[in-house]
Amino acid sequence: MTARTARSARRARRSFGLVAVVAAAALSMTACQDSGKDSGKDTTGSKMQNSSSVSHSTGGGDTSGGEKTASGTKTGSGTKAGNGTKAGNGTKSGSGAKAGNGTAAKNGAAAKAGSPDSTQTLVDGSKAQIYKLGDQHYRADIVSRGSVLGTLETNGHDDGVDANDMFVVLTLGGEVHSWMGGGNTGPGTFELAGGWTAKVKKVGEAHYTAQILGNEGDVEATMDANQHDAGLDANGIYIVLTFGGEISAHE
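Anyway, here's the lowdown on the structure attached to this text.

Thresholds, definitions, all that
Residues numbered from 1 in each chain as written. Predicted model: local features only at pLDDT ≥ 70, side-chain atom pairs only at ≥ 80, totals over all residues. Heavy atoms only, no water. Pairing = 2+ DSSP bridges. Helix = DSSP H or I, 4+ residues; strand = E, 2+ residues; numbered from the N terminus. Axes fitted to C-alpha atoms, helices over the stretch in contact; angles between N-to-C directions. Core = buried A, V, L, I, M, F, W, Y, C linked by side-chain atoms within 4.5 Å. Buried < 20%, exposed > 50% of the residue type's maximum accessible area, 1.4 Å probe, protein only. Contact = heavy atoms within 4.5 Å. Phe/Tyr/Trp six-rings, centres within 6.5 Å; stacked < 30°, edge-to-face > 60°. Lys NZ or Arg CZ within 6 Å of the ring centre and 35° of its normal.

### Examining the sheet that holds strand β10 (residues 197-204)
Read from one edge to the other, the open sheet built from four strands follows the order β9-β10-β11-β12, with strand pairing classed as antiparallel. With one partner strand each, in any of the chains shown, β9 (188-191) and β12 (219-226) form the two edges of the open sheet. Neighbour to neighbour, the strand axes of the sheet diverge by 20 degrees on average, direction disregarded. Alignment of β10 against strand β11 (residues 207-213), held across seven bridges, turns out to be antiparallel. Along β11, the bridge assignment pairs Lys199 with Gln211.

Have a look at this one:
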């Protein structure tokens, strides 16, 4: 081989080696870039993972991440607290009917124990303590020696009672009238004070009625004593019909 040929061959080998080095460098750079991309993805993924982890630890109210939403759902299970509110509503309803009823009972007790609107002495010396409860609504307690012997109440109608042969009428206007004796026991027809006539009928056990007739024989009023006595103000004539069928009138 000539010297010129040998030099050419060496140059060719150096060129080939340089190309190989350049190619290897290019491959290395490509690998680094790919590795960087992959590591960037991992880094981003790591960041998202960390974000999820933060979301887990705080249980935050934002709904920016899947885990936060899940955490929000967990908070939503605070609906149990809502159920507690329901229990609160139970308390409200409990307080509703009971408190109202308790108050009404207390008011009734207070009215009964409180001072009467007026007091009237009855024919036998006992007292009628009169309470006004409303329009044409009165109650009268018959009291003797501190004890209540009987109670009358008007609520849309007069009331009356036979208290040991003392007859008492409480009117819609809150007036009390009392007298002793003068009774007749039915069934039957009886002449009453003031020109009235009473037709007393037995309806059943402890149940009598009386038709109050005027001068012309017309029925002006009807009394019904069913398990308790009845009273009537007939134009200033006061009538009591007992559930035992006794009737008495006074003017």
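### So, the sheet that holds strand β8 (residues 184-185)
With antiparallel pairing, the four strands of this open sheet are ordered in space as β8-β15-β14-β13. The open sheet has two free edges, formed respectively by β8 and β13 (230-234), since each of these has just one partner strand. Looking at chain direction, β8 and strand β15 (residues 246-250) are connected through two bridges and run antiparallel. Bridging from a neighbouring strand, Asn184 pairs with Ile247 of β15.

### Some thoughts on the nonpolar core
Counting 18 residues, the largest nonpolar core has Leu192, Ile212, Met223, Ile239 and Ile247 as its most contacted members. When contributions to this core are tallied by element, the ones reaching two or more residues are β10, β11, β12, β13, β14 (237-241) and β15. Contacts of Ile239, omitting those with residues within four sequence positions, involve Val169, Trp179, Leu192, Ile212, Met223, Ala230, Gly231, Leu232, Ala234, Ile247, Ser248 and Ala249.

### Re the environment of Asp141
Examined against the element boundaries, Asp141 turns out to sit in strand β3 (residues 137-144). By relative accessible area, which is 2% here, Asp141 ends up buried. When the C-alpha positions of Asp141 and Tyr131 are compared, they lie 8.5 Å apart, and in sequence the two are 10 residues distant.

### Quick word on the side chain of Thr171
You can see Thr171 is positioned in the loop between β6 (166-170) and β7 (176-180). Apart from the residues within four sequence positions on either side, Thr171 is in contact with Thr154, Asp158, His177, Asp233 and Tyr238.

### Some remarks on the packing of aromatic side chains
Ring pairs (aromatic) are described by centroid distance and by the angle formed between their planes. Counted according to the given criterion, the structure contains one aromatic pair. Ring centres of Phe167 and Trp179 lie 5.9 Å apart, and the angle between their planes is 25 degrees; on these two criteria the pair is classed as stacked. Here Phe167, found in strand β6, pairs with Trp179, found in strand β7; they are 12 residues apart in sequence, far enough to count as distant. According to the relative accessible area criterion, Phe167 is buried, its value standing at 0%. Of note, Arg139 hangs over the ring of Tyr131, and the distance from its end group to the ring centre comes to 4.4 Å.

Purely geometric numbers; function is a separate question.
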